[in-house]
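Summary of structural features
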Amino acid sequence: MKKTWTLRRQLNILLALIVIFQSIALLSALWVSQVFFMLDAEAVRLLNNTTETRSKTFNASMGQTIANMAAETEQLNAALILLARQQGSTPESLYLSDAAYNETALLASDALVSILKKNSVTGAFFVLNGSNSNKGDPSAHSAVYIRNTTPDSGVTSNYLLEIGPIAVSKQYTMATSIRWNLDIRSGGEAGDFDFYEKPIWASTQFKNSEMERYGYWTTPRDLLKDNQQVVCYTMPVLDENGNGYGVVGIEIDMPYFSQHYLPDSDRLYHNSFYVIAGMTDRTLDLDWFIPSGVLAETYLKNGEQLKLKSLENEGVFETELGELGTMVASARELKVYSDNSPFADQNWTLACFVPSDVLRENSASVREKLIYSIVLTTILAFSAVFVLVYFFTRKISHLSKYVRALSPYDQINFKPTGMLEVDDLTSAVELLNQSLVNVSKTTSKILELSLLPIGGYEVMDNSKHVILTDFLYWLLHLDPGSLISKEEWKDYYQRLTQNPVHGQENIYDYYDNYTKKQLWLRILEAKSPTGVVGVIQDVTEDIEEKHRLTNELDYDALTKLFSNTALKRESARKINDRPNKIGAMIFIDLDNLKYINDTFGHDVGDRLIIRASDIFRYFERFDGIVSRISGDEFAIYLHGYVDQDEPREIIKNLYTYGESFLLTTPDGNENRIRFSAGVAWYPQDATEVMDLLKLSDFAMYEAKHKEKGRLYEFDRDYYQQMSYLLENREAINRLLDEQLIRFAFQPIVDLKTGEILGYEILMRPLLENFKNPAEILAVAAAQSKLMQLERMIIFMAFETIEKRSKEIGDNKIFINSIPSQRLNWEDFLKIKECYGHHFKNVVIEVTEAETLDSDNLAQKIENIRNNGMQIALDDFGSGYSNEIRILSLLPDIIKIDMAMIQGIHNNVDKQNLVTNLVQFCHNKGVKVVAEGIETSADLITVIEIGVDYGQGFYLGRPAFEFSTINPELRKEIRNLRK
Amino acid sequence: MKRKIKLACLFLSMLMLLTACSAGEKTALDPKNPVSITLWHYYVGDNKIALETAVDTFNKSVGSEKGVVVNAVAKGSVTELEKAVTDAAKGVVNAEAMPDLFSCYPDKALEIDELGKLCDLNDYFSEAEQALYVEEFLNDGQFDGDRLLILPIVKSTELLYVNETAWNEFAVANSQDTTKLSTWEGVYAAAQAYYKWTDAQTPETSGDGKSLMGVDSVANYVIIGNKQLGVEVIDGQNQQVVLNRAVMKKIFDTYYGSMSLGYFNAVGKFRSDDIKAGDLAAYVGSSSGAAYFPTWIEKDNTQLPIEFLALSYPVFEGGSPYAIQQGAGMSVANSTPEKQEGAAVFLKWFTSEAQNIEFAMTTGYLPVQSGAYENDAFNATLEEMGAGEAAEKNIAKVYEIALDQIMERDTYASVPFKGSYEVRSTLEKSLTAMGQSGRQNATALKEQGLSEAEILAALDLNTRFEEWLTTIRSQLDKAGIPYIEN
């Protein structure tokens, strides 16, 4: 049962579901559209942009610095070449002379100061190939190294001479540093002097290239051993031949590098930092790195290989960094070398690290707030739903309470709810109620006026009385409207239902004592929640009508004779009434109904039937039950005789009686009405009506087959002989369907050599219904199943040959074919395709048959021969007139029927016949088989006559295995041949 | 959006309230959201590196714990730093933003404070904390009674640096000894003798004598000379300049005369550079430049090793043995509570004994907490230096003198008043200019073959002195600085 809930509850649930659904839909929409994460993407984009801008600024700035340096270096190169020429020396040996060196140092300082002025670098230096002050020391190099503490101020007064002659200090009023020196020394750790060696090496690799190509960046190092980490960039000083003999370089110390090139102002997120380091394949190589500040220094571990995980955006990565947790990094490769630089593979990558949670802070907080908002609004919506639904449904609840309290007799007066639909509904209900009252009155009146014999009652649990309609008062002959108590009603009800009609539900036989009338009532009762309600209808007229109709079913509509059922019932009744009398069941079949139907149509056929029925009404005079069984079959039962003679006489007279009945067909002919009839006797032949019908049917069948238009009495012997034809109608179908036969093989022996020529395949039924192949053939013929049988035999035979081809070897296989049947073309092709290779060993035996169509047979034989099979004519001489003509078809083999062979040894006629036949055949080249050789004497005779092959029990019985010939028999045959 | 920000603010403030309650100590700092402090300083070379190293250490340790990140920006010289700070404080067009923390001399602090840009450090340093500093040093940063505007970072004094190798050569040849160098009069005489002796080394060229002496800070020379002779030229008490003619004349004559005659000299940027070039054999300069005194000098493009002798600052005869006490401290700019507190946190850390000693000793500064002087590590380091390499020995020698001057003798730092900063530079520039013009004039006279006495007469020291005073007066007038003459 469907659950019923209050409106309030339903509304609450419905609206709550809507709210929930809406929230879920909102969440899903937000989720699907990824709005939640758009801010993330924006933050990442911003980070990426900042890094991009920074890298571009860096590239531009460094590019400018490198260009400036290149210009200064080239200018210095020219100046030094000129100086060397003036000194009558070479650039390479400038350091050797004090004067030349001083001049060199001053020229170099000019270049360095110019570089310092123009570029944002913290130092510039010039290193020569040898030392002026330590000429013999190969590790010492004269150098000028100027540092500028405040590159951004443009003030030169803060220059500090780290290395170089005091002349330079004086020239520029430049302070000397604490570690002021004259030389710089190589020969520290390997690679420490790369800033000198690398650019010179590059200049030897690519002579006369642009200066930028030789430039070389060092990694951060403490170049001057003063705890200051610096990054340097150097270019070679070249002579006129492009040979390097010194370098010009710049340095950027780490604090300035981070302040100027990786400024704080860029970083939009706290706890973020820049770092410059080498990066290969998503790994930040922290062997060296330039940090932007304390965070980078704290969290990046020197020498570490920091693995980065690629994120969606190009150049954005993720990694774990100690306490900072997950960091998002935006990385850009910086361009610090020309593409053609030999050092171009040294990667400088700028990476900006931001803690993931910081980057996504905004997004996360938006998400959080959004979720809170949704939850909050959902809760608010729920409360609103509950409150609103309460107020909304209050009026309706009142309404329903009011309706519940209403009694059916109260005047209905709904209070308006202020809801249009509900008020409409209530006024509609008021109207409906009014209409109902009217309708019930009207219905009652109409029922009354219609005079339908129907009435109702109601027994209510909570009432002492029973409510009856007017009809019941009338039926029970009570005063209309009088109160009937439940006890009284019980009585009445008992009376009404005491005679239920057998086989008809809810119908009661009721005899009205008052009117003395037989009535039939239909009484239906149903339980109602408050008691029982019932309807009582007077169905007397219906029942009577039905009885009449039932009667009509006993008669055949066309002939008005008894129907089959009536015949059986009435006959049984007669036998039952007087079982010791003799009765006859006559089964009649019209002979020419089919012809009439086919020729003139069914109307004429019907007239024939009616005309015939008139004949058979003859038996009505003898109190016979005349019935039409079906179509053209009629059955008559006569009963109540003391012997068979009297009824036999009556039956015989039927034919005489019927002669006068003619049917005029549309062609104008007047046709005799022919019929065959069979009789079976009670109790001689059978005692049951069904059996009598069956046996008389059989007798009629015999008549039909033997002499149409005659009467046959049931013959038990014949019945027993032929009954299989009737009984096995089903069995033959089963046999065909399930291929319930098997083959036995009977050897055919060559009477010249005593060897086996081949085997005849003999069909054996596997169904008990059939005793022998002849019965199968007979039933099949009777049921028109010969074609199927032929097909089955041929297919099975070839299957057997195929299956047992090894055992058969070169022996011939004789297959019995039904002469009147030919396989259709399709089947034949199938046989040929599957088994064509066996055709040369196959001999098809055909027999004579009564309805032989010799042309058909000739074609069949032709076809068999054309396909390489041989033909044998079976049972030759068993007595048909056209044998000789058959012979003219020239089969390959003739099989002489056993009737001509058995006892041949002492029958001269048979001997002569066979001798002639053999001679005839041999003349035509036809081989002869003697069938049915069962004795040694017959064998001897047959051999003497010159028959080619023999078959028979004496030579070998049919067996399911391929038998071999008995050696003694073979010996006997061979001896006879001699 | 605004609502969101409001919400976020509300949330944050509640959070802060909560954390503040739980921490129990009121702080505006948040380790999760560190405050960035910009520090401007005038340190160069090794001092710069040392400061940057210290800042780095701070950022990684205390700074990261408390939420302070200091960015140190070198502003070159004191002059540049002070100009940048002044411009920033005044809000000059194109000036940089005011730093949160900067190196500052008292004179400058006073000026910036007038603009209302300085933070009273009393709010951040408890009495107990203040008591840790050498009182005298702390006093230098106190104004208007008790407003602490400068926290001392390191201090220095001036002393006499001598190339002992050169001196000894001369002393042995001329029977001189270092006691002569204890007075300015002695220094003058020795320098005269040195010039003559060196001139005589090359008989073929006359007038090519070498200068013995140099003065790094001419202003200090004038101020401390006045003080030695009992005059406070910058009279902070009375907010005026005192020009004592007698004293000033003595100071002028010594400097102008010796500069003109080539006894004194100033060639390179610093006198230590002149020592390195072999242009001078001695100079008065700050102890903080100790590390700059070379262990060798350049001679004919090669290195010539020298010995070093540190001597006390010379005193004018009859004067008191005052030596200058100087050194910039650091001031905190008025900004947000977080920044001010962050700056104070850094200062406390940076001036704590261990840190302060390490920084100070890079070049020869003196630590500012009294405990430092008794600090074992400090003394051990001094001893170690004394036994170390030449350069370290030099520093140890400077400390010996500097500590002696600070501890045993009187050191003096002028009490600034409004405009007193101008006075220093007026004194410095005017006397230096006088010296240079004297040198030029004398060189011309020398070429005419005049003797030293004749040259001095020709130069007319009295007139030149008046000229100098006139210059000073006009400069002071221009700057609106009151002065008296007596």
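This is a predicted model, so every value here is computed, not measured.

Attention now moves to the overall build of chain B. Assigned secondary structure in chain B consists of 19 helices and 18 strands. A globule of 486 residues ought to have a C-alpha radius of gyration of about 23 Å, and chain B, at 25 Å, matches this closely. Summarising its shape, the C-alpha atoms of chain B cover approximately 90 × 55 × 40 Å along the three principal directions. With 486 residues in all, chain B has 54% of them scored as buried. Taking all contacts inside chain B whose residues are at least 6 apart in sequence as the whole, residues at least 24 apart take part in 75%.

Let's shift gears to the packing of helix 17 (residues 420-447) of chain B against helix 18 (residues 452-459) of chain B. Residue and element names in this part refer to chain B. Running from N to C, helix 17 and helix 18 point in directions that differ by 130 degrees, and their axes come no closer than 10 Å. As the angle between them shows, helix 17 and helix 18 are arranged oblique. Note that helix 17 runs across helix 18; the crossing there is right-handed. Residues G438, N441, A442, L445 and K446 of helix 17 touch helix 18, and the partners they reach there are I455, A458 and L459. Residues that form the contact of helix 17 with helix 18 fall into these classes: five nonpolar, two polar and one charged.

Residues and elements named next belong to chain B. In terms of domains, chain B is made up of domain 1 (34-155 + 327-374) and domain 2 (157-326 + 400-485). Counting from both sides, the interface comprises 21 residues of domain 1 and, opposite them, 20 residues of domain 2. Across the domain 1 to domain 2 interface the summed buried area is about 1,600 Å²; carbon plus sulfur atoms make up 57%. It is D107, T363 and L366 that lose the most area in domain 1 upon contact with domain 2, and together they represent 30% of the buried surface on that side. Put simply, domain 1 and domain 2 have one salt bridge between them. Residue E114 is joined to K418 by a salt bridge in which the shortest nitrogen-to-oxygen separation is 3.9 Å. Our count for the contact surface shared by domain 1 and domain 2 stands at five residue pairs in polar contact (both at pLDDT 80 or more). Secondary structure elements with two or more residues in the side of domain 1 that touches domain 2: helix 2 (45-66), helix 4 (106-114) and helix 6 (135-140). Per element, the largest residue contribution to the side of domain 1 that touches domain 2 is four residues, and it comes from helix 4.

We now examine the side chain of A:D194. Residue and element names in this part refer to chain A. By the element assignment, D194 lies in helix 5 (residues 194-205). Residue classification places D194 among the buried residues on the basis of a relative accessible area of 7%. Side chain to side chain, D194 and Y216 meet in a polar contact 2.8 Å long. Within polar-contact distance, the side chain of D194 engages the side chain of R221 at 2.9 Å. Filtering out sequence-adjacent residues up to four positions away, D194 remains in contact with P199, Y216, T218 and R221.

Here we come to the pairing of strand 1 (residues 35-41) of chain B. Residue and element names in this part refer to chain B. Within strand 1, five of the seven residues are buried, which leaves it mostly tucked inside the rest of the structure. Where strand 1 and strand 2 (residues 68-74) come together, seven bridges link them in parallel fashion. Bridge pairing links V35 to V68 in strand 2.

The subject of this paragraph is unusual backbone geometry. In this chain, A:Y682 is followed by A:P683 through a cis amide linkage whose omega measures 0 degrees. By the element assignment, A:P683 lies in the loop between strand 27 (675-682) and helix 18 (689-706). In this model, B:S175 sits at a positive phi of 50 degrees, which is unusual for a non-glycine residue. With respect to the secondary-structure elements, B:S175 resides in the loop between helix 7 (164-174) and helix 8 (184-201). You can call B:S175 exposed: its relative accessible area is 65%.

In this section: the domain arrangement of chain A. We note that the domain assignment places domain 1 (48-359), domain 2 (451-545), domain 3 (553-727) and domain 4 (744-762 + 787-977) within chain A. Computed over C-alpha atoms only, the centres of domain 1 of chain A and domain 3 of chain A are separated by 134 Å.

Turning our eyes to something else, we now look at the interface of chain B and chain A. Facing the 42 residues of chain B at the interface are 44 residues of chain A. Carbon and sulfur atoms make up 54% of the surface buried where chain B meets chain A, a total of about 3,300 Å² over both sides. Two residues, B:D279 and A:K170, come together in a salt bridge whose shortest N-O distance is 2.9 Å. If you look at where chain B meets chain A, you find 17 residue pairs in polar contact (both at pLDDT 80 or more). Looking at the side of chain B that touches chain A, the elements with two or more residues in it are helix 1 (2-23), helix 2, strand 2, helix 11 (271-277), strand 12 (296-299) and strand 13 (302-305) of chain B. Ranked by the residues each element gives to the side of chain B that touches chain A, the list is headed by helix 2 of chain B, at eight residues. Considered class by class, the residues forming the side of chain B that touches chain A number 15 nonpolar, 12 polar and 15 charged.

On to the nonpolar core, then. Residues A:L735, A:L789, A:F798 and A:I815 are the most contacted members of the largest nonpolar core, which totals 95 residues. Ranked by residues supplied to this core, first place goes to helix 22 (residues 786-803) of chain A with 10 residues. Built from parts of two domains, this core gets at least three residues from each of domain 3 (553-727) and domain 4 (744-762 + 787-977) of chain A. Look past the residues within four positions of A:I815 in its chain and what remains in contact with it is A:I761, A:I794, A:A797, A:F798, A:I801, A:V842, A:V843, A:I844 and A:E845. With 87 residues, the next largest nonpolar core counts B:V73, B:L110, B:A310 and B:A372 among its residues.

Residue and element names in this part refer to chain A. Inspection of the secondary structure assignment puts L692 in helix 18. In the structure, L692 is positioned 40 residues away from I732 in sequence and 25 Å away in space, judged by C-alpha atoms. Apart from the residues lying within four places of it in its own chain, the contact partners of L692 are I575, M585, Y637, A680, W681, Y682 and A686.

Moving on, we get to the sheet that holds strand 18 (residues 483-485) of chain B. Residue and element names in this part refer to chain B. Overall, mixed pairing links the three strands, which are arranged 9-10-18 in an open sheet. Two strands close off the open sheet at either side, each with one partner strand: strand 9 (234-235) and strand 18. By the bridge criterion, three bridges tie strand 10 (residues 240-243) to strand 18 in an arrangement that is parallel. Opposite V241, over in strand 18, you have Y483 as the bridge partner. In this fold helix 19 (residues 461-479) packs onto strand 10 and strand 18, with an angle of close to 155 degrees to the strand it touches most, strand 18.

Thresholds, definitions, all that
- Residues numbered from 1 in each chain as written.
- Chains lettered and ligands numbered in written order.
- Predicted model: local features only at pLDDT ≥ 70, side-chain atom pairs only at ≥ 80, totals over all residues.
- Heavy atoms only, no water.
- Helix = DSSP H or I, 4+ residues; strand = E, 2+ residues; numbered from the N terminus.
- Rg over C-alpha atoms; globule rule 2.2 N^0.38 Å.
- Buried < 20%, exposed > 50% of the residue type's maximum accessible area, 1.4 Å probe, protein only.
- Contact = heavy atoms within 4.5 Å.
- Axes fitted to C-alpha atoms, helices over the stretch in contact; angles between N-to-C directions.
- Parallel < 35°, antiparallel > 145°, perpendicular 65-115°, else oblique.
- Left-handed = near helix turned anticlockwise from the far one by under 90°.
- Nonpolar A, V, L, I, M, F, W, Y, C, P; charged D, E, K, R; others polar.
- Domains from an automatic or database assignment.
- Buried area = accessible area lost by both parts, 1.4 Å probe.
- Salt bridge = Lys/Arg side-chain N within 4 Å of Asp/Glu carboxyl O.
- Polar contact = N/O pair within 3.5 Å; in protein donor to acceptor, adjacent residues only side chain to side chain.
- Pairing = 2+ DSSP bridges.
- Core = buried A, V, L, I, M, F, W, Y, C linked by side-chain atoms within 4.5 Å.

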